[in-house]
Structures are given as structure tokens and as C-alpha cells.
Amino acid sequence: MDINDLRGIQTLLVMIAFFGIVWWAYSSHRKKSNDEAANLPFDDDEIDQRTREQDKTEKKQ
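Bear in mind the structure is a predicted one, so any value in this text is a computation, not a measurement.

Topic: the overall build of the chain
Regarding its fold elements, the chain presents 3 helices and 0 strands. Listed by position from the N terminus, the elements making up the chain come as α-α-α. Overall, the C-alpha framework of the chain stretches about 80 × 25 × 10 Å when taken along its three principal axes. Split into buried and exposed, the 61 residues of the chain put 2% on the buried side.

Right, here's the structure in full:
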């Protein structure tokens with residue numbers, strides 16, 4: 001067994017880890033979390049709008 005065999009084994013292990021992470025990230029039980037993460041930029045707009053409305057009502061009082 002020389003260094004090239006170890007490199008081949010290392011490549012195989014890294015490839016298995018990569019495919020495992022891809023399988024985990026795209027699995028069906030992660031769908032809800034992925035959908036929530038996809039909508040985060042749009043949620044910021046709603047929070048910003050509520051904060052502005054709250055500031056306006058506080059200034060009126």
C-alpha cells in the first residue's frame with residue numbers, strides 16, 4: 001500500500017461524505033426547514049413594515 005492507495009481511499013471517503021450531506025439536505029423531512037429558509041428575505045420586509053408602523057403609533061402618543 002503506497003501513498004496513492006491512501007489518496008484513493010481518502011477521495012472515496014470524501015465523496016461518500018459529500019453525497020451523504022446532499023442526501024440529508026434534499027431529503028423530504030428537511031422540506032419545511034428549507035421552505036422557511038427560502039422565505040427569510042421576504043420575512044424581513046414584513047418585520048420592517050411592522051416596526052415602522054409601531055414607530056408611527058408611538059410617535060403619535
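Now that the structure has been shown, we can carry on.
Quick word on the packing of helix α2 (residues 31–38) against helix α3 (residues 40–60)
Contact geometry of α2 with α3 gives a least axis separation of 5 Å together with a crossing angle of 55°. It follows that α2 is oblique to α3 by the angle criterion. Taking contact as the criterion, the partners of Glu36, Ala37 and Ala38 in α2 are, on α3, Leu40, Pro41 and Phe42. Here the contact of α2 with α3 is built from residues that sort into 5 nonpolar, no polar and 1 charged.

Description of the environment of Thr57
Position of Thr57 among the secondary structure elements: in helix α3. Spatially, the C-alpha atoms of Thr57 and Ala38 are 31 Å apart, while their sequence positions differ by 19 residues.

Quick look at a nonpolar patch on the surface
Together, Met1, Ile3, Leu6, Ile9, Leu12, Leu13 and Ile16 line one region of the surface with nonpolar side chains, adding up to about 750 Å² of accessible area. Secondary-structure assignment places Leu13 in helix α1 (residues 3–25).

A look at a negative patch on the surface
A contiguous patch of negative charge on the surface is contributed by Glu36, Asp43, Asp44, Asp45 and Glu46. The element contributing the most residues to the negative patch is α3, with 4 residues. Counting through the fold element by element, Asp44 comes out in helix α3.

Observations concerning the confidence of the model for the chain
Here the chain averages 87 in pLDDT, while 98% of its residues score no lower than 70. Confidence scores differ between elements of the chain, with α3 showing the lowest mean pLDDT of 75 and α1 the highest of 97.

What to know about the pattern of salt bridges
One pass over the full model with this rule turns up 1 salt bridge. One salt bridge in this structure joins Asp35 and Lys31, with 3.5 Å as the shortest N-O distance. Of this pair, Asp35 and Lys31 both sit in helix α2, 4 residues apart, which is roughly one turn of that helix. Look at Asp35 and you get partly exposed, because its relative accessible area is 37%.

What counts as what
Residues numbered from 1 in each chain as written. Predicted model: local features only at pLDDT ≥ 70, side-chain atom pairs only at ≥ 80, totals over all residues. Heavy atoms only, no water. Helix = DSSP H or I, 4+ residues; strand = E, 2+ residues; numbered from the N terminus. Buried < 20%, exposed > 50% of the residue type's maximum accessible area, 1.4 Å probe, protein only. Axes fitted to C-alpha atoms, helices over the stretch in contact; angles between N-to-C directions. Parallel < 35°, antiparallel > 145°, perpendicular 65-115°, else oblique. Contact = heavy atoms within 4.5 Å. Nonpolar A, V, L, I, M, F, W, Y, C, P; charged D, E, K, R; others polar. Patch = residues over 30% accessible without salt bridge, like charges linked within 9 Å, V, L, I, M, F, W, Y side chains within 5 Å. Areas by Shrake-Rupley, 256 points an atom, 1.4 Å probe, with all protein chains shown as cover. Salt bridge = Lys/Arg side-chain N within 4 Å of Asp/Glu carboxyl O. Lys, Arg positive; Asp, Glu negative; His and termini not counted. Charge placed at Lys NZ, Arg CZ, Asp CG, Glu CD. pLDDT = per-residue confidence, 0-100.

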